[in-house]
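# Structural description and commentary
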Amino acid sequence: MISRHVRHQAYKRILVKLSGEALLSSKAFGLEYAVLERVAEEIKSVVEVGAELAIVIGGGNIFRGIQSASGGMTRAHGDYMGMLATMINAMALQDAIEQIGLDTRLLSSIEMKEIAEPFIRRRAIRHLEKGRVVIFGGGTGNPYFTTDTAAALRALEIDADVFIKGTRVDGIYTADPEIHVEARYYETLHGDEAIRKGLRVMDMTAFTLCQESKLPIIVFDMHVTGSLLRILKGERVGTYVHWD
């Protein structure tokens, strides 16, 4: 039985954005179920203490529309294929979460009534209020927008307290730490400074949506066990982007 009692939480309703690459481990392509299981356990840990949790997941481990477009494919066509890739990941994560006893709902911005509910804002909020993990698939349903933008949009639509972005690194740096060993880590960062310095927090459309609504952003390493629960409790994990 999942307890719905809220215990010492800094955030009540959170949206977690996962990149498709976050589902990879030793593989260079596709899905690794052991990673899905670890992610599912992290999700369970926050649901058990009463958090309302929504998830947006990318599809870059399967297909990237913008990269395919640069190789000659029509951008819109490639983006629609990328949206289908997000649905594959969303279904895989849904299965992993349900196998450990949580109730989920998969909502798609593209009609796929055999496997997902259509995205309806009020329905999504109601699912969250009932303690269900809500997974948003299909991006925004429109080409030319990334899943970062879809995540920021959904976070605002469901009135999330915070936008949490899980990546393969432990926060935001002055440069890509996987390439530049001298890159400096930010523990906290004002959003305006991130824009001014051109830091790659997320795409600019997503970042602007968060800026306009003063929605805080946390960027952290999803693969460090216990990190999501620590964030929920208000501990400093990853980089905290604020607008104060």
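Look above for the structure.
Quick look at the structure, then. (Residues numbered from 1 in each chain as written. Predicted model: local features only at pLDDT ≥ 70, side-chain atom pairs only at ≥ 80, totals over all residues. Heavy atoms only, no water.)

### Quick notes on the sheet that holds strand S9 (residues 188–190)
Strand order in the open sheet formed by nine strands is S4-S3-S5-S2-S1-S6-S10-S11-S9, with mixed pairing between adjacent strands. Edge positions in the sheet fall to strand S4 (117–118) and S9, since each of these pairs with one other strand and no more. By the bridge criterion, six bridges tie strand S1 (residues 13–18) to strand S2 (residues 52–57) in an arrangement that is parallel. Residue pairing for S2: Leu18 is matched across the bridge by Ile57. (Pairing = 2+ DSSP bridges. Helix = DSSP H or I, 4+ residues; strand = E, 2+ residues; numbered from the N terminus.)

### Concerning helix H1 (residues 33–47)
Here H1 contains 15 residues, and its C-alpha end-to-end distance of 21 Å stays within 8% of the 21 Å for a straight helix at 1.5 Å per residue. Taken together, the buried positions of H1 are occupied by Val35, Leu36, Val39, Ala40, Glu42, Ile43, Lys44, Ser45, Val46 and Val47. Packing partners of the buried residues in H1 comprise S1, S2, helix H3 (75–98), strand S5 (133–137) and helix H8 (227–232). (Expected span 1.5 Å × (residues − 1). Buried < 20%, exposed > 50% of the residue type's maximum accessible area, 1.4 Å probe, protein only. Contact = heavy atoms within 4.5 Å.)

### What to know about the nonpolar core
Counting residues in hydrophobic clusters, the biggest one holds 39 residues, and the most contacted among them are Ile43, Leu53, Ile55, Leu93, Ile97, Val133 and Ile164. At the level of secondary structure, the elements contributing two or more residues to this core comprise S1, H1, S2, H3, S5, strand S6 (162–167), strand S10 (217–221) and H8. Tallying contributions element by element places H1 first for this core, with seven residues. Grouped together as the second largest cluster of nonpolar side chains are 31 residues, Leu128, Ala160, Phe163 and Val201 included. (Core = buried A, V, L, I, M, F, W, Y, C linked by side-chain atoms within 4.5 Å.)

### Quick word on helix H7 (residues 204–213)
Restricting attention to buried positions, one finds in H7 the residues Ala206, Phe207 and Cys210. Buried positions in H7, seen along its axis, are confined to an arc of 95° and lie on one side of it. Between a side-chain oxygen at the N-terminus of H7 and the backbone nitrogen of Thr205 the separation is 3.0 Å; the capping residue is Asp203. Taken from the residues just after H7, Lys214 is the one with a positive phi, measuring 55°. (Arc of directions from axis to C-beta. Polar contact = N/O pair within 3.5 Å; in protein donor to acceptor, adjacent residues only side chain to side chain.)

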